[in-house]
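Listed here are the chains, written in short residue letters.
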Amino acid sequence: MTQPRYTPLVAALPATVPFVGPEAQERARGRPFAARLGANENGFGPSPRAIAAMAAAAGDAWMYGDPEVHDLKAALAAHHGCRPENVVIGEGIDGLLGYLCRLLLEPGDPVVTSEGAYPTFNFHVAGFGGVLHTVPYTGDHEDPQALLAKAIALRPKLMYIANPDNPMASHHPGQTIADMVAQVPEGTLMVLDEAYVELAPEGTEAPIDADDPRVIRMRTFSKAHGLAGARVGYALGHPDLISAFDKIRNHFGMSRISQAGALAALSDTTWLAYMRRLVDGARETIAQIARDNGLTPLPSATNFVAVDCGQDGAFATAVLEELAAADVFVRKPAVAPQDRCIRISCGPEAEMKALATALPSALKRARDRTSG
């Protein structure tokens, strides 16, 4: 049989993906999870207005979505006090990161990020031939000064930082991030991932002008707005950069249903305030469950909590696996020393109870597995 003639770059890539979805794990297990707390989804769900808007739009699903995403783009511009020309909308932050790497990276181009930071960004960098250069976390936070020092030394095409951070849920004050922008070296674009910023403490959002050509800011409807399955992300940046996305993006990538849901979610500020309270409560519940079991919850500015299991990465992996065996899906950081933690998403009361029930025996079995 004739084999496809892959490009040398693609042929050299490992056959891996950033995440194995819970559905794949459920198929392998032969049963569903009782608590889905690993993907940082918002288990409290989207605004009722968003659900109604998506239901109303479903009858028009025979039509392609507006390729310019005009109404949502205009609403986002008004929301952020910028112009529609500063906004690009795509299939989640993940999709936009892929477009950005395609726009800017050629094989061999350096890219700076933190070791253990969001793996999907790294996946896209590798997919377009970029070369990752990393700096370690400091105190479970990404290190702005180390990132800048590496960028000044290498002059990379891209420098990535998330605020708040995934997978550790830590954050920096917004002014710290804004101060970074002033130090970005010529020829480097700072990629600021703000997926969780709506759930973070006041002052976390960086005061950055959307017209600043040194930075592109990534936002999503997946977290605070509870629309992860709708795949709606957007970026704010200089119009010259934003218009370049039109050269390569999938112009019909946003369905009518997704556009309608996001537009309604954006306008429902009451639901967003309610969601913040629900997430705050769930964070404290997770933290208390962790403390009740002798574990240490780290401070969280997101809709998940990183829980320090008190040993090394092998023990934390054992805890994760034993929780999965007890039908509780969680994930964990992959790089030491952050890999001593498991990462637990906020969720409704029933899922918090399932976690509380499963964790004591999961810890015992993990200790039995790893002792001696």
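Bear in mind the structure is a predicted one, so any value in this text is a computation, not a measurement.

For the sheet that holds strand E12 (residues 341–345), give the residues involved together with the corresponding values.
With respect to topology, three strands assemble into an open sheet ordered E9-E10-E12, the strand pairing being antiparallel. Taken across any chain shown, the strands that pair with only one partner, and hence form the sheet edges, are strand E9 (296–297) and E12. Examined bridge by bridge, E9 and strand E10 (residues 304–308) share two bridges and lie antiparallel to one another. Across the sheet, Pro297 pairs through a bridge with Val307, a residue of E10.

Describe the sheet that holds strand E5 (residues 158–162), and please don't skip the residues or the numbers.
The seven strands lie next to each other as E2-E8-E7-E6-E5-E3-E4, forming an open sheet whose pairing is mixed. Bordering the open sheet on either side are strand E2 (87–90) and strand E4 (131–135), each of which pairs with just one other strand. Sheet twist, expressed as the average angle between the axes of neighbouring strands with direction ignored, equals 20°. Relative to strand E7 (residues 215–220), strand E6 (residues 189–193) runs parallel, the two being bridged by four bridges. Paired with Asp193 across the two strands is Met218, which belongs to E7. Against the sheet, helix H6 (residues 119–127) engages strand E3 (110–114), E4 and E5, with an angle of about 170° to E3. Docked against the sheet, helix H8 (residues 174–181) engages E5, E6 and E7, running at close to 160° with respect to E6.

Any chance you could break down helix H10 (residues 256–267) for me, citing the residues and the numbers?
If you check H10, its first and last C-alpha atoms are 17 Å apart, about what twelve residues at 1.5 Å a residue would give, namely 16 Å. For H10, the elements touching its buried residues are helix H3 (48–58), helix H4 (70–80) and helix H11 (269–292).

Tell me about the pattern of salt bridges, and please be specific about residues and values.
Evaluated as defined, the whole model comprises 23 salt bridges. Residue Arg219 is joined to Glu205 by a salt bridge in which the shortest nitrogen-to-oxygen separation is 2.9 Å. Taken together, the residues span a long stretch of sequence, with Arg219 in strand E7 and Glu205 in the loop between E6 and E7 at a distance of 14 residues. Assessed through its relative accessible area of 3%, Arg219 is described here as buried. Note that Asp368 is salt-bridged to Lys364, the shortest N-O span being 3.2 Å. Here Lys364 and Asp368 lie together in helix H13 (residues 349–370), a separation of four residues that amounts to about one turn. Linked by salt bridges that have partners in common, Glu194, Glu198, Glu205, Arg217 and Arg219 make up one network.

Just give me the short version of the side chain of His124, but keep the residues and values in it.
Within the fold, His124 resides in helix H6. Those residues in contact with His124, other than ones at most four positions away along the chain, are Asp94, Leu97, Gly98 and Cys101.

Tell me what's going on with the packing of aromatic side chains, and back it up with residues and numbers.
Counted under the stated rule, the structure contains seven aromatic pairs. When the ring of Phe19 is compared with that of Tyr118, the centres are 6.2 Å apart and the planes differ by 35°; the resulting orientation is tilted. Here Phe19 is found in the loop between helix H1 (8–12) and helix H2 (22–29), whereas its partner Tyr118 is found in the loop between E3 and H6, with 99 residues between them in sequence. Here the aromatic rings of Phe121 and Tyr160 are separated by 4.7 Å at their centres, their planes lie at 20°, and the arrangement is stacked. With Phe121 in helix H6 and Tyr160 in strand E5, this residue pair connects regions lying 39 residues apart in the sequence. Of the two residues, Phe121 and Tyr160, both sit in the buried class. The residue whose ring lies beneath Arg343 is Phe304, and the NZ or CZ to ring-centre distance is 5.5 Å.

Go over a nonpolar patch on the surface, please, and point to the residues and values.
On the surface, Tyr6, Leu9, Val10 and Leu13 cluster together to form a nonpolar patch covering roughly 340 Å² of accessible area. Structurally, Tyr6 can be placed in the segment before H1. In this structure Tyr6 comes out as exposed when scored by relative accessible area, which is 55%.

Cut-off values and rules
- Residues numbered from 1 in each chain as written.
- Predicted model: local features only at pLDDT ≥ 70, side-chain atom pairs only at ≥ 80, totals over all residues.
- Heavy atoms only, no water.
- Pairing = 2+ DSSP bridges.
- Helix = DSSP H or I, 4+ residues; strand = E, 2+ residues; numbered from the N terminus.
- Axes fitted to C-alpha atoms, helices over the stretch in contact; angles between N-to-C directions.
- Contact = heavy atoms within 4.5 Å.
- Expected span 1.5 Å × (residues − 1).
- Salt bridge = Lys/Arg side-chain N within 4 Å of Asp/Glu carboxyl O.
- Buried < 20%, exposed > 50% of the residue type's maximum accessible area, 1.4 Å probe, protein only.
- Phe/Tyr/Trp six-rings, centres within 6.5 Å; stacked < 30°, edge-to-face > 60°.
- Lys NZ or Arg CZ within 6 Å of the ring centre and 35° of its normal.
- Patch = residues over 30% accessible without salt bridge, like charges linked within 9 Å, V, L, I, M, F, W, Y side chains within 5 Å.
- Areas by Shrake-Rupley, 256 points an atom, 1.4 Å probe, with all protein chains shown as cover.

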